[in-house]
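The lines below spell out each chain.
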Amino acid sequence: MKMICNTPILGFAAFSGTGKTTLLEQLIPLLTSAGLKLGVLKHAHHNFDIDQEGKDSYRLRKAGATQMYISSRYRNAMITETPDEEATFEHLLMQFKHDELDLILIEGFKSQSFPKIELRREALQNPWMHPNDENIIAVATDIALDCSLPKFEINDLDAIAEFISTRVKSGDLAGKKQSEDSVAACCDTLSPAFLSVEQGIERILDAVSEIEGEIRVEVDHALKDILAEDVVSNINVPQHTNSAMDGFAIRDEDVSLERFKLVAEVMAGQNYPHPLQLGEAVKIMTGAPVPSNGTTVVMREQSDTFSEAGIDFVTFNGATIKAGQNVRSAGEDLAKGQSVFEKGCKIGPAEMGMIASLGINQCLVKRKLKVAIFSTGDEVQHPSQSQKENCIYDSNRYSLIGLLTQLNCEILDLGILEDDHHQIEKAVSEAAQNADLVLTTGGVSVGDADYIKDVLEQNGNIDFWRINMRPGRPLAFGKIGETPFFGLPGNPVATMVSFINFVEPAIRKMQGEEEWKPTKLRALASESLRSRHGRTEFTRGVYSLNEQGQLVVRSTGKQGSGILRSMSEANCLIEIEPLYAKVEQGELVTIIPLTV
């Protein structure tokens, strides 16, 4: 979901009983008199009802409407029931019409990170909040206080209103309103104007396109390939009208008879070539073709067989028999000429079996995407060598090989390149000519003096981005000639997280999976998870089911971007959105399962 939410937000931090609501009630008229158009968001810890019992809207909502929109000449309101999950702070902010507001005042949501004014009264003897909360930008109190923040007497509403009005109008409280394409298009008043994760993905997907080229492969070698044409059934499935279970086939018009003469036994792969006569039945196995007019099958468990004068008979113990029961019609699953799988479908084990079941031995698929990868740096060495002083083993390239193999890519491994401008320039040029995509790691951060950056700037149309995320802030993306290029950060975990978020969507689109989206689930945090307001945080996590059958998740421990073990121990990434500074135990978070 794209966030277009640039209205400044301001909250009031105070303990219960301080009088936040009363202060807001007195402050709002002063702010509106100053020309500000205000929105207010209030969080209630208890249940509440905005309808009066007995009113029409109350009655309709209590009757079962999950969303109730009520409108009159003077106002309208949407009442939404949230029995399963409380609406998120971000979702609530997005409900405002931001183009009609200058400021949103927040009461509550104390765990969220956004600018606040602390309120404190001496009579309550509560502790100060501002020493431990960097989001507090001013203090209003009736206590003598020596601090570096702006201070106001808590009852001097004119001074507080003037402070807020001045900050909003000067743009100090939040940046100026920006267009949809702005790199800071969100309610982020603290972070630099980086690209959001969503904006980075969108720009990348706009820049890449599906590759050309098709090959015909044997079905048993087609796993993970993308179909280049529709698969159409050239047979009926099932081929014949057949029995859905072991039993006895009779004519539809004979269902009321008490006993039947057995004239044959039909096994799978056989058939009874004659039409049944009055009172005749055939013993039949599951999947065997039924006689041409024997389109009712009675299950074996409801039958008794016996012989009279050398002739075999069957009765059905008074069972209720419905004409046409327990029979599958020819073409019931698939009719001849029917499309089975569409172009762009990814072939998995089930698709392989289905295609083979149609008598199709080969299928036309997209050729494999060629991805060239290499590592750079004199300090990087191959794991087969004895470790040299001040050197590191090349791990990123091996992680990328694993990720690319999972995505069914053809990998052109160019190894490790030394810090030599000519050698790197030659390798980059050849890679761009021979591959569909070029991928490297390291040397893309602001301030890096790596040769790779110089070569890219001179030989390609490359943008060096700062992504509002952790780990994985630096990212280079662009084209060398017509070949897309990714320069991922150098830290091992940052490399993998950046690949999952940015490279994988591009690869899937280039392979032909136009509508692919990552799997995202919601899970309960089994521990507190720290983050930072204004950026997307990807924590390595382990998810599982608890005793109540709920999906729960915990972190893998230390989250340094160089701790590759944390990625090895994880089975998911925990995605914490930019508007959250902390996730409390028991709150819902988004997880991205990692491909096994």
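What you see is a predicted model; the values in this text were computed from it and never measured.

**A short note on the overall build of the chain**
A tally of helices and strands in the chain yields 11 helices and 36 strands. Expressed as a percentage of the 596 residues in the chain, the buried residues total 44%. By sequence separation, contacts in the chain at least 24 residues apart represent 67% of the contacts at least 6 residues apart. When the accessible surface of the chain is split by element, carbon and sulfur atoms take 47% of a total near 31000 Å².

**Brief notes about the sheet that holds strand S8 (residues 151-153)**
Across a sheet, strands are paired by hydrogen bonds formed along the backbone, either parallel or antiparallel in direction. Across the sheet, six strands lie side by side as S2-S5-S1-S6-S7-S8; this open sheet has parallel pairing. The sheet is open, and its two edges are formed by strand S2 (38-42) and S8, each paired on a single side. Each strand axis lies, on average, 25 degrees off the axis of its neighbour in the sheet, ignoring direction. Examined bridge by bridge, strand S6 (residues 116-120) and strand S7 (residues 136-141) share five bridges and lie parallel to one another.

**Remarks on the packing of helix H7 (residues 396-406) against helix H10 (residues 492-511)**
Viewed as axis vectors pointing N to C, H7 and H10 meet at an angle of 30 degrees, and their least axial separation amounts to 11 Å. Considering their axes alone, H7 and H10 lie roughly parallel with respect to each other. Note that H7 runs across H10; the crossing there is right-handed. Contacts from Asn396, Ser399, Leu400, Leu403 and Leu404 in H7 reach Pro492, Thr495, Met496, Phe499 and Ile507 in H10. Residues belonging to the contact of H7 with H10 are distributed by class as follows: seven nonpolar, three polar and no charged.

**Regarding the pattern of salt bridges**
Scanning the entire structure with this criterion turns up 17 salt bridges. Its salt-bridge partner being Lys366, residue Glu210 comes within 3.2 Å of it at the nearest N-O pair. Residue Glu210 is located in the loop between helix H5 (197-207) and strand S9 (214-218), and its partner Lys366 is located in strand S20 (residues 362-366); the two are separated by 156 residues in the primary sequence. The class for Lys366 is buried, based on a relative accessible area of 9%. Here Arg470 ties to Glu537 by a salt bridge, and the two come within 2.3 Å at their closest N and O atoms. Of this pair, Arg470 sits in strand S27 (residues 469-470) while Glu537 sits in strand S32 (residues 536-545), and the two are 67 residues apart along the sequence. One network of salt bridges, with partners in common, ties together Lys346, Glu504, Arg508 and Glu513.

**Some remarks on the packing of aromatic side chains**
Per the counting criterion, the structure on display carries six aromatic pairs. Between Trp465 and Phe477 the ring centres are 6.0 Å apart and the planes differ by 45 degrees, which places this aromatic pair in the tilted class. On the criterion of sequence distance, the pair formed by Trp465 in strand S26 (residues 461-466) and Phe477 in strand S28 (residues 474-480) is long-range, its members being 12 residues apart. The two residues Trp465 and Phe477 agree in class, both being buried. Of the aromatic side chains, those joined through ring pairs into one cluster are Phe248, Phe260 and Phe316.

**Observations regarding the pairing of strand S1 (residues 9-13)**
With five of its five residues buried, S1 lies for the most part within the structure. Burial of the side chains of S1 extends over both faces: Ile9, Gly11 and Ala13 are buried on one face and Leu10 and Phe12 on the other. Relative to strand S5 (residues 103-107), S1 runs parallel, the two sharing three bridges. Directly across from Leu10, in S5, lies its bridge partner Leu105. Sheet topology places S1 next to S6; three bridges connect them, and they run parallel.

**Some details on the confidence of the model for the chain**
Model confidence for the chain is summarised by a mean pLDDT of 84, while 89% of its residues fall at 70 or above. Considering only residues more than four positions removed or in separate chains, one finds that residues 174-193, a stretch of pLDDT under 50, has 53 contacts.

**Some words on the nonpolar core**
Membership of the largest hydrophobic core comes to 38 residues, with the highest contact counts inside it found for Leu439, Phe486, Phe499 and Ile507. For this core, the secondary structure elements donating two or more residues are H5, strand S21 (370-376), H7, strand S25 (437-441), S28, strand S29 (483-488) and H10. Tallying contributions element by element places H10 first for this core, with 10 residues. If you count residues domain by domain, this core takes at least three from each of domain 4 (370-511) and domain 5 (521-593). When sequence neighbours within four positions are dropped, the list of residues in contact with Phe486 reads Ile204, Leu437, Val438, Leu439, Thr440, Leu475, Ala476, Phe477, Phe502, Val503 and Ala506. Counting 24 residues, the second-largest nonpolar core is a separate cluster that includes Leu31, Leu119, Phe152 and Leu157.

Thresholds, definitions, all that
All chains use their own residue numbering, which begins from 1 and follows the written sequence. Restriction of local features to residues with pLDDT of at least 70 applies here, the model being predicted, together with a cutoff of 80 or more for giving and counting side-chain atom pairs; totals for whole chains, interfaces and linings are based on all residues. With hydrogens and water set aside, each side-chain value is computed from the structure's full complement of heavy atoms. To qualify as a helix, a DSSP run of H or I must reach at least 4 residues; to qualify as a strand, a run of E must reach at least 2; elements of each kind are numbered from the N terminus. Here the term buried applies to any residue with accessible area under 20% of the maximum for its type, exposed to any over 50%, and partly exposed to those in between, with areas from a 1.4 Å probe on protein chains only. Residue contacts follow a heavy-atom distance rule, with two residues in contact if any of their heavy atoms lie within 4.5 Å. Where accessible areas are quoted, they stem from the Shrake-Rupley method and a 1.4 Å probe; at the residue level, only the protein chains shown are allowed to cover. Each pair of strands is called paired provided DSSP finds at least two bridges between the two strands. Simply put, an axis is a line fit to the C-alpha atoms, just over the touching stretch for a helix, and the angle between two N-to-C directions goes from 0 to 180 degrees. Roughly parallel here means an angle under 35 degrees, roughly antiparallel means over 145, roughly perpendicular means 65 to 115, and every remaining angle is called oblique. Crossings are classed by handedness, with left-handed meaning an anticlockwise turn of the near helix from the far one by less than a right angle and right-handed meaning a clockwise turn. Residues are grouped as follows: Ala, Val, Leu, Ile, Met, Phe, Trp, Tyr, Cys and Pro are nonpolar; Asp, Glu, Lys and Arg are charged; every other residue, Gly included, is polar. Each reported salt bridge corresponds to a side-chain nitrogen of Lys or Arg within 4 Å of a carboxyl oxygen of Asp or Glu. Two rings from Phe, Tyr or Trp (for Trp, the six-membered ring) form a pair when their centres are within 6.5 Å of each other. A pair whose planes differ by under 30 degrees is stacked, one over 60 is edge-to-face, and the rest are tilted. A residue's pLDDT is the predictor's confidence in that residue, given on a scale from 0 to 100. Nonpolar cores were defined as sets of buried Ala, Val, Leu, Ile, Met, Phe, Trp, Tyr and Cys residues, with membership established by side-chain atoms within 4.5 Å. Start and end points for every domain follow an automatic or database-based domain assignment.

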